[in-house]
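Examination of the molecular architecture
One letter stands for each residue in the lines below.
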Amino acid sequence: MSKITSVRGFRDILPDETPKWQRIEEKIREIFFNFGIQEMRIPILEKTELFKRGIGEATDIVEKEMYTFLDRGNEYLTMRPEATASVIRAYIEHHIYEKDPVAKLFTIGPMFRRERPQKGRFRQFHQINVEFLGQEDPRVDAELMSMLMYLLSEVGLAGLKLEINSLGCDKCRPAFREKVTGFLKSREEDLCEDCRRRLVTNPLRIFDCKNESCQEIISGAPVILDFICGECREHFERVKKYLGILHIPFVINTKMVRGLDYYTRALIIIPGPLLRLPRNRWERKTLLQAAAGTMVSYGCWVVQTYRG
Ligand SMILES: [Zn+2]
Ligand SMILES: [Zn+2]
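These figures come from a predicted structure and were not determined experimentally. (Residues numbered from 1 in each chain as written. Chains lettered and ligands numbered in written order. Predicted model: local features only at pLDDT ≥ 70, side-chain atom pairs only at ≥ 80, totals over all residues.)

1. Some points on the overall build of the protein chain
Inclusion rule: By definition, any uninterrupted DSSP run of H or I lasting at least four residues is a helix, any uninterrupted run of E lasting at least two residues is a strand, and each is numbered from the N terminus. A residue is called partly exposed when the number of other C-beta atoms within 10 Å of its own lies between 12 and 20, exposed at 12 or fewer, and buried at 20 or more, with C-beta atoms placed from the backbone.
Looking only at helices and strands, the protein chain has 11 helices and 10 strands in total. Among the 308 residues that make up the protein chain, the fraction classed as buried is 35%.

Printed below as a string of structure tokens:
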């Protein structure tokens, strides 16, 4: 009889490793407590519709990475690929915003994505997620960024570089998108197969492509900061100012664009071997319309995969 092993991309955390995990988690909980961020525990299973609406259908996550199945009740369910959509769902479902629209929430736990297995990446991975809800002020962006840098240094990841960019808003991004799409169309034959498809579905996602020839094309693409409106510029300037006041060094990375429509304005990333796509600030209108119109949430995936 063949031996039964764990599922590909899923792994055991063995007793010699768990103390490291516990240390990091304890440290993080302590920091969040000090910053007044409360824990929310969300289910691992959600209705598939939540992620389709909350993340967007034309994203890699929803298109090909979700663990989705038809439940016996004839309903499609998905193992959470991220936390934010669930946090917002709970925030609305339990009318948290009625008591106090400002909420600072974190979640810690496993997420599931059927990605191509790569070294150091797992299909069940662990994520710390922070959401600051209900405040529009750029001070909140700066607060979140500074907390993130502090947290990372406290768990032993000092010397990381903060990169920021603005993604504009619904008013100013369309002009940028149009310009970029035109530019990318003119180079269509040099793009990889995936990106040619993205050119139709979601052109800004091409900025995320790892393919070298695509990256080279992108390096010559129009820059979003040349397109952002007065309000977005003001917001970005204030984020930079507050970071200065907080003594948080940063660089501007104009190539960081993200094709996901729900992100607006300040976006951050901290390149590093253990970190994958921390990001920030978005207005997830599709999900939030049920509540109080547009609401601002500052989401930040602190650590996608951490291995102690
Ligand atoms: Zn704008
Ligand atoms: Zn590509």
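2. Considerations on the environment of Glu-131
With respect to the secondary-structure elements, Glu-131 resides in strand β6 (residues 124-133). Note: C-alpha distance between Glu-131 and Lys-104 (27 residues apart in sequence) is 5.8 Å.

3. Description of the nonpolar core
Note the following rule: In plain words, the nonpolar core is the set of buried Ala, Val, Leu, Ile, Met, Phe, Trp, Tyr and Cys residues that C-beta atoms within 7 Å link up. Bear in mind that the domain bounds are from an automatic or database domain assignment. Note on contacts: each residue gets a C-beta atom placed from the backbone, and two residues are in contact if those atoms are within 7 Å.
In terms of nonpolar packing, the biggest core is built from 54 residues, with Leu-144, Met-145, Leu-148 and Ile-206 touching the most fellow members. Top element by residues in this core is helix α6 (residues 138-154). It accounts for 9 residues. The residues that make up this core include at least three from each of domain 1 (18-166 + 254-303) and domain 2 (173-219). Those residues in contact with Ile-206 that lie beyond four places of it in its chain are Leu-184, Leu-191, Cys-195, Arg-198, Leu-199, Cys-214 and Ile-218.

4. Focus on the sheet that holds strand β4 (residues 76-79)
Selection criterion: Here, a strand pair is defined by DSSP locating no fewer than two bridges between the strands. Axes here refer to lines fitted to C-alpha atoms; in helices the fit is confined to the stretch in contact. Angles between the N-to-C directions go from 0 to 180 degrees.
Taken in spatial order, the 3 strands of this open sheet run β2-β4-β3, and their pairing is antiparallel. Taken across any chain shown, the strands that pair with only one partner, and hence form the sheet edges, are β2 (45-47) and β3 (67-70). Each strand axis lies, on average, 35° off the axis of its neighbour in the sheet, ignoring direction. Note: β2 against β4, 3 bridges, orientation antiparallel. Residue pairing across strands places Glu-46 opposite Thr-78, the latter belonging to β4. Running over the sheet, helix α2 (residues 48-55) touches β2, β3 and β4 and is turned about 75° from β2.

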